[in-house]
Amino acid sequence: MRFIKNSLHNKALLKFIMTLVLFLGLLSFGRIEELSLPAYRTLCCSIFMVLLWIFECFPLAVTSLLPIFLFPLLEISSAADTTKPYAHPVIFLFLGGFFLAISIKTSGLDKRIASLIIRKTKGNPKAIMAGFILFMLPPFAKKDFIKKLESSDIKYIEPRYEDAGVQILNG
């Protein structure tokens, strides 16, 4: 009895139990005749995951990994077919970018770069924007970017700020 009283105060656990009961109820009692059994089970898993996301019972990363366990368990697809999308090269590209961003933020490099650009551009808003754009471009693209700006008929930067991008590059 004491466990029930304590668990009622834990709203996340109560929400999880409610969504789990709904998920198991849909799997056991409900069935849409137009859908095949694997399609219906996939729909039930999707509803379960959406409710977990809405109620925030677990972190989103944990919820996003549920198909790895649920799909083979419910015989929707094999473990190999389920995990293939998780190993796509674009996923690893994003993952590497996220790790790089976290390490830049943790080390304080982002503040150093921002203060360097502000110091070099002397607080001029247009030059600050040009500085950030030029800093974010890869080194091989900076030369092409500056050439295109110089050769275009449209002046993106007013004449008094023309040399701001060059000053940033020369450091």
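Undergrad: Looking at this model, I keep getting lost on unusual backbone geometry. Mind explaining?
TA: Across residues other than glycine, the phi torsion is negative in most instances, and most of the peptide bonds are trans. Positive phi, close to 55 degrees, is recorded for Glu56, a residue that is not glycine. Here Glu56 is to be found in the loop between helix H3 (37–55) and helix H4 (60–64). Positive phi, close to 60 degrees, is recorded for Glu75, a residue that is not glycine.

Undergrad: Any chance you could explain the side chain of Thr19 here in plain terms?
TA: Along the chain, Thr19 turns up in helix H2 (residues 11–29). You can call Thr19 buried: its relative accessible area is 3%. Those residues within four positions of Thr19 in sequence are excluded, and the remaining contacts are Phe48, Leu51, Leu52 and Phe55.

Undergrad: Hey, could you run me through the side chain of Thr63 in this one?
TA: Mapped onto the elements, Thr63 comes out in helix H4. Note on Thr63: relative accessible area 0%, which makes it buried.

Undergrad: Looking at this structure, how should I read the packing of aromatic side chains?
TA: What characterises a pair of aromatic rings is the spacing of the ring centres plus the angle enclosed by the ring planes. Applying the stated criterion across every chain yields a total of three aromatic pairs. Here the aromatic rings of Phe16 and Phe58 are separated by 5.0 Å at their centres, their planes lie at 70 degrees, and the arrangement is edge-to-face. Separated by 42 residues along the polypeptide, Phe16 in helix H2 and Phe58 in the loop between H3 and H4 bring together distant segments of the chain. The partly exposed category is assigned to Phe16, whose relative accessible area is 21%. Since its relative accessible area comes to 32%, Phe58 is described here as partly exposed. Taking 6.2 Å as the distance between ring centres and 25 degrees as the angle between the ring planes, the aromatic pair formed by Phe94 and Phe98 counts as stacked.

Undergrad: Would you explain the pattern of salt bridges in this entry?
TA: Close approach of charged atoms lets side chains of opposite charge pair. For the structure on display, the rule yields two salt bridges. When the shortest N-O distance is used, the salt bridge between Lys105 and Asp110 registers 3.8 Å. Judged by relative accessible area, which is 53%, Lys105 ranks as exposed.

Undergrad: Explanation requested: helix H9 (residues 125–136) in the structure shown.
TA: A turn of α-helix holds 3.6 residues, and therefore any two residues three or four places apart point the same way. Given a rise of 1.5 Å per residue, 12 residues ought to cover 16 Å, and the 17 Å separating the end C-alpha atoms of H9 matches this to within 8%. Within H9, the full set of buried residues consists of Ala127, Ile128, Ala130, Gly131 and Leu134. Projection of H9 onto a plane perpendicular to its axis shows the buried side chains occupying an angular sector of 165 degrees, all on one side. The outward face of H9, more than 90 degrees from its buried face, is lined by the exposed residues Pro125, Met129 and Met136. At the N-terminal boundary of H9, the capping side chain belongs to Asn124, with an oxygen 3.3 Å from the backbone nitrogen of Lys126.

Conventions adopted
- Residues numbered from 1 in each chain as written.
- Predicted model: local features only at pLDDT ≥ 70, side-chain atom pairs only at ≥ 80, totals over all residues.
- Heavy atoms only, no water.
- Helix = DSSP H or I, 4+ residues; strand = E, 2+ residues; numbered from the N terminus.
- Buried < 20%, exposed > 50% of the residue type's maximum accessible area, 1.4 Å probe, protein only.
- Contact = heavy atoms within 4.5 Å.
- Phe/Tyr/Trp six-rings, centres within 6.5 Å; stacked < 30°, edge-to-face > 60°.
- Salt bridge = Lys/Arg side-chain N within 4 Å of Asp/Glu carboxyl O.
- Expected span 1.5 Å × (residues − 1).
- Arc of directions from axis to C-beta.
- Polar contact = N/O pair within 3.5 Å; in protein donor to acceptor, adjacent residues only side chain to side chain.

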